[in-house]
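What the coordinates show
Residue-level listing of the chains:
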Amino acid sequence: IQTAHVRIVEVGPRDGLQNICDQVPTSTKVELIRRLRETGLRTIELTSVVSPRAIPQLADCREVMDHALVKTLLQNETGGLRFPVLVPNVKGLDIAMKCGVKEIAVFISATEGFSKANINCSVEDGIARASDVAGLATKAGVAVRGYVSCIFADPYDGPTPEGAVLHCTRSLLDAGCYEVSLGDTTGIGSPSNVHSLIKYLISNGIPLEKLAGHFHDTYGQAVANVWEAYTCGMRVFDSSVGGLGGCPFAPGAKGNVASEDLVYMFHNAGIHTGVDLPKLVEVGDWISRTLSMTNSSRAGTALSVK
Ligand code: HMG
Ligand code: MG
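Everything numeric in this text was worked out from a predicted model, so none of it was measured. (Residues numbered from 1 in each chain as written. Chains lettered and ligands numbered in written order. Predicted model: local features only at pLDDT ≥ 70, side-chain atom pairs only at ≥ 80, totals over all residues.)

A short note on helix α12 (residues 277-290)
Since the α-helix advances by 3.6 residues per turn, residues separated by three or four positions end up pointing in the same direction. Taking 1.5 Å of rise per residue, the 14 residues of α12 would be expected to cover 20 Å, and the 20 Å separating its terminal C-alpha atoms lies within 8% of that figure. Among all positions in α12, only L280, V281, V283, G284, D285, I287 and S288 are buried. Backbone geometry just downstream of α12 places S292 in the positive-phi region, at approximately 55°. (Helix = DSSP H or I, 4+ residues; strand = E, 2+ residues; numbered from the N terminus. Expected span 1.5 Å × (residues − 1). Buried ≥ 20, exposed ≤ 12 C-beta atoms within 10 Å, placed from the backbone.)

What to know about the nonpolar core
In terms of nonpolar packing, the biggest core is built from 87 residues, with V85, V87, I104, V106 and V148 touching the most fellow members. Setting aside residues up to four positions removed in sequence, V85 forms contacts with L46, T47, S48, V49, M65, A96, V101 and I104. (Core = buried A, V, L, I, M, F, W, Y, C linked by C-beta atoms within 7 Å. Contact = placed C-beta atoms within 7 Å.)

What about the site of ligand 1?
Ligand 1 sits among 26 residues. The nearest are V50, S51, G92, S149 and G183. Secondary structure elements with two or more residues in the shell around ligand 1: α1 (12-18), α5 (90-98), α6 (112-119) and β5 (143-149). For the shell around ligand 1, the class distribution of residues is 11 nonpolar, 12 polar and 3 charged. (Near = placed C-beta within 6 Å. Nonpolar A, V, L, I, M, F, W, Y, C, P; charged D, E, K, R; others polar.)

Focus: the UniProt feature "domain: Pyruvate carboxyltransferase" (unreviewed entry) in the protein chain
In the UniProt entry, the feature "domain: Pyruvate carboxyltransferase" (unreviewed entry) is given for residues 6-281. Secondary structure over residues 6-281 splits into 43% helix and 15% strand, and the C-alpha atoms at its two ends are 19 Å apart. (UniProt positions renumbered as here; feature names shortened; annotations may be inferred.)

Some thoughts on helix α8 (residues 162-174)
Across its 13 residues, α8 extends 18 Å between first and last C-alpha, which sits within 8% of the 18 Å expected from 1.5 Å per residue. Buried residues of α8: V165, C168, T169, S171 and L172, and no others. The arc that holds the buried residues of α8, viewed along the axis, is 160°, so those residues lie on one side. Within α8, the exposed residues directed more than 90 degrees away from the buried face are G163 and D174. In this structure, the buried side of α8 is in contact with β4 (103-109), α7 (123-139), β5, β8 (179-184) and α9 (191-203). Just beyond α8, the residue with positive phi is G176, at close to 110°. (Arc of directions from axis to C-beta.)

Observations regarding the sheet that holds strand β3 (residues 85-86)
Within the open sheet, the 8 strands sit side by side as β2-β1-β10-β9-β8-β5-β4-β3. Their pairing is parallel. Pairing within the sheet leaves two strands with one partner each, and these edge strands are β2 (43-44) and β3. Sheet topology note: the β4/β5 ladder contains 7 bridges and is parallel. If you follow S109 over to β5, its bridge partner there is S149. (Pairing = 2+ DSSP bridges.)

Observations concerning the pairing of β5
Judged by how many residues are buried, β5 sits mostly within the fold: 6 of 7 residues are covered. Pairing of β5 with β8, which is carried by 4 bridges, proceeds in the parallel orientation. Following the sheet pairing, R145 is matched in β8 by E179.

Looking at the pairing of β4
Counting buried positions over the 7 residues of β4 gives 7, a clear majority of the element. On β4, burial covers both faces: E103, A105, F107 and S109 on one face and I104, V106 and I108 on the other are all buried. Note: β3 against β4, 2 bridges, orientation parallel. Each residue of the ladder has a partner; that of L86, found in β4, is A105. Between β3 and its parallel partner β4, the chain crosses via α5, and the hand of that crossover is right-handed. (Right-handed = clockwise from strand over helix to strand, strands pointing away.)

Quick notes on unusual backbone geometry
Phi is positive for C150, close to 60°, though the residue is something other than glycine. Tracing the sequence through the fold places C150 in the loop between β5 and β6 (153-154). Classification of C150 as buried rests on a count of 31 C-beta atoms within 10 Å.

Looking at the packing of α8 against α9
Where α8 meets α9, the axes come as close as 10 Å, and the angle between the chain directions of the two elements is 50°. Considering the angle they form, α8 stands oblique to α9. Judged by the sense of rotation from one axis to the other, the crossing of α8 with α9 is right-handed. Residues E162, V165, L166 and T169 of α8 form the contact with α9, whose own contacting residues are L197, Y200 and L201. In terms of residue class, the contact of α8 with α9 is made up of 5 nonpolar, 1 polar and 1 charged. (Axes fitted to C-alpha atoms, helices over the stretch in contact; angles between N-to-C directions. Parallel < 35°, antiparallel > 145°, perpendicular 65-115°, else oblique. Left-handed = near helix turned anticlockwise from the far one by under 90°.)

Quick word on the environment of P25
Counting through the fold element by element, P25 comes out in the loop between α1 and α2 (26-38). Judged by local crowding, P25 falls into the exposed class, with 10 C-beta atoms found within 10 Å. Along the primary structure P25 and L182 are separated by 157 residues, whereas in three dimensions their C-alpha atoms are 30 Å apart.

Below, the structure written as structure tokens:
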């Protein structure tokens, strides 16, 4: 009997922390990674190797990657375990590879405004840069995941044409990305937008099994968007414990869909995630208290007061 399952990409240690102003100690970041892995999560994005001026919070990325506990995870990255690290350029790739990273994620925007703000170049230059990085990584045996940001709208430019998302997705797949995560960076999209975009991409030749969903929750649509994408056939979703997350270059955007909410929803539907929900709820409760932040996971909050 085939059981339905989804793959969760936990982005808490990267997307979840990158927008927090107060410096989170390296030891807390490593402990977060350790606790997340204990829940059964098999893909955890560890950090990003980006300009420390752009994202001061992750300036300690080398210390995170070089920590004994993280080193052990990286060394045992087999059998479906993945610990990707976000990189914007060849410099980031080199540093990540020196630290023993076996998977990277490259990122581009479908829109000019966010591309300029986030990575200081045009969409086409972003595609060229990401393609160079992906080519070098692939040659070195490092797996590459891709992100396309602003799939529905850009914080500066307004609505995004579906054709722009298609162009970026195709470019990343052509560059060797094994999967492209579609980012609703501003969290503005609703299920109808998700449905329309997925159908459009499929009808233009993008294989559904190469797509993942990355929904921010600004308008409270993220869980609904995940479910809509699931019913369209998508099986890989990015989420963040406690609903942490956001990007300093997308002002006002809220965190990612909370991992607890997503796991709760899938388990209720009999869909396997491989994640122990009570353990995940404990991690969400712990990290929210440790960072003195309100836990944005509704399921997490409900389950931790029980
Ligand atoms: P730039 O200023 O055009 O480039 O930045 P640069 O090459 O002149 O570099 C500027 C400085 O950064 C230099 O240092 C470089 O050495 C250093 P200085 O000489 O001035 O002291 N630098 C680096 N340091 C460490 N690691 C590196 C690196 N590269 C350069 N890899 C750049 C261009 C792309 C570097 C910069 O804009 C940047 O780092 N941007 C990243 C911004 C970012 O991380 N945003 C958040 C992640 S994306 C996101 O959240 C969306 C996502 O979640 C999906 C979604 O929600 O849509 C993925
Ligand atoms: Mg994001």
